[in-house]
Amino acid sequence: MAKGAVLVASALCILAFAGFAHCHDEVFTVEGKVYCDTCRLQFVTKFSQFLAGATVQLECRDRQDCNNVTYSVESLTDANGHYGLPVYGDHEGEICEVTLVSSPDPECSEPTTERARVSLTKNSGITSDCRYANYLGFLKTDPIPECLEVLRELALFS
Ligand SMILES: *[C@@H]1O[C@H](CO)[C@@H](O)[C@H](O)[C@H]1NC(C)=O
């Protein structure tokens, strides 16, 4: 993701969560979005739709022992496909990833195998309490016809 977008996202996040974050130590908010990948391309296109009511899960596992789940939380996306997951404690030495759990749309419910990894420690050089996860998409069963246009554009510019 472009650095500018991450900075803007972090700034918005700080503003939104300033009141909440100030009264706790070691509280992170993991934010991201879930979309319907209408073209089954595994990235956001102009025909992608953000999905409301999708379930995502964040899990942290010990770096040495992947069966040791140290933190787990689930959330639903809002009307804009956006979620915000609260995380307590510092998770240095752990691998924390957001994954898709379920989609509200039966036509768009095949989860991508992608995981959005986030670093949840103050010792990562990021001072903000907000972590922005990569977008995650469910694949639409049948790609929409408009995707041909996207594919044509990709062919032109690659
Ligand atoms: C699980 O991982 C946490 C964090 O790394 C560690 O503190 C804890 O001792 C581990 N538990 C077990 C049973 O290995």
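Throughout, residues of each chain are indexed from 1 in the direction in which the sequence is written. Reporting in this predicted model follows two pLDDT cut-offs: at least 70 for local features of residues, and 80 or more for side-chain atom pairs to be given and counted; totals over whole chains, interfaces and linings ignore these cut-offs and use all residues. Water and hydrogen atoms play no part in the side-chain values, which are based on all heavy atoms of the structure.

**Here's the deal with the site of the ligand**
Surveying the vicinity of the ligand reveals the residues Asp62, Asn68, Thr70 and Glu94. With respect to the ligand, the side chain of Asp62 contributes an N or O atom lying 2.5 Å from an oxygen atom. Definition of a polar contact: a pair of N or O atoms within 3.5 Å, with one able to donate and the other able to accept a hydrogen when the atoms are protein atoms, and with sequence-neighbouring residues admitted only if both atoms are side-chain atoms. Measuring from an oxygen atom of the ligand, one finds a side-chain N or O atom of Asn68 at 2.4 Å. Burial of the ligand by the protein chains amounts to 35% of its free accessible area of 360 Å². Its residues assigned to classes, the shell around the ligand shows no nonpolar, two polar and two charged. Nearness of a residue to a molecule or strand requires only that one of the residue's heavy atoms be within 4 Å of it. In this description, accessible areas are obtained by the Shrake-Rupley approach with a 1.4 Å probe, and a residue is regarded as covered only by the protein chains that are shown. Three residue categories are used. Nonpolar comprises Ala, Val, Leu, Ile, Met, Phe, Trp, Tyr, Cys and Pro, charged comprises Asp, Glu, Lys and Arg, and polar comprises the others, including Gly.

**Concerning the state of the cysteines**
Any two cysteine sulfur atoms within 2.5 Å of one another count as a disulfide. A complete count under the given rule lists three disulfides for this structure. Across the disulfide, Cys39 is cross-linked to Cys147 (sulfur-sulfur distance 2.0 Å). The S-S bond linking Cys39 to Cys147 shows a torsion near -90 degrees; that makes this disulfide left-handed. Placement of the pair is Cys39 in the loop between strand 1 (27-37) and strand 2 (49-50) and Cys147 in helix 2 (residues 147-157), with a sequence separation of 108 residues. Side by side, Cys39 and Cys147 carry an identical accessibility label, which is buried. The disulfide partner of Cys60 is Cys96, and the gap between their sulfur atoms is 2.1 Å. Taking the sign of the torsion about the S-S bond as the criterion, the disulfide between Cys60 and Cys96, at about 110 degrees, is right-handed. Separated by 36 residues along the polypeptide, Cys60 in strand 3 (residues 55-62) and Cys96 in strand 6 (residues 94-102) bring together distant segments of the chain. Of the two residues examined, Cys60 and Cys96, each falls in the buried class. Only DSSP runs of H or I reaching four residues or more are called helices, and only runs of E reaching two or more are called strands; each is numbered from the N terminus. We call a residue buried when its accessible area falls under 20% of the maximum for its residue type, exposed when it is over 50%, and partly exposed in between, using a 1.4 Å probe and counting protein chains only.

**A look at the nonpolar core**
Val30, Val34, Leu58, Tyr83, Leu85, Val98 and Leu120 are the most contacted members of the largest nonpolar core, which has 24 residues in total. With four residues, strand 1 is the largest single contributor of residues to this core. Each residue touching Val34, except ones within four places of it in the same chain, is listed here: Gln49, Phe50, Leu51, Ala54, Val56, Thr77, Gly81, Tyr83, Leu100, Leu136 and Phe138. By size, the runner-up hydrophobic cluster in this structure holds five residues, among which are Cys39, Phe47, Cys147 and Val150. As used in this record, nonpolar core signifies buried Ala, Val, Leu, Ile, Met, Phe, Trp, Tyr and Cys residues forming a set joined through side-chain atoms within 4.5 Å. We call two residues in contact whenever any of their non-hydrogen atoms come within 4.5 Å of each other.

**Considerations on the packing of aromatic side chains**
Each aromatic pair joins two rings of Phe, Tyr and Trp (for Trp, the six-membered one) with centres within 6.5 Å, and gets the label stacked for planes under 30 degrees apart, edge-to-face for over 60, and tilted for any other angle. Under the defined criterion, the tally for this structure stands at one aromatic pair. Between Phe50 and Tyr135, the ring centres sit 5.7 Å apart and the planes meet at 90 degrees, which makes this aromatic pair edge-to-face. Residue Phe50 is found in strand 2, and its partner Tyr135 is found in the loop between strand 9 (130-132) and strand 10 (136-139); the two are separated by 85 residues along the sequence. Among the residues examined, Phe50 registers a relative accessible area of 36% and is labelled partly exposed. Here, a charge over a ring is recorded when the distance from Lys NZ or Arg CZ to the ring centre is within 6 Å and its angle to the ring normal is within 35 degrees. Cation over ring: Lys33 sits above Phe50, and NZ or CZ is 4.1 Å from the ring centre.

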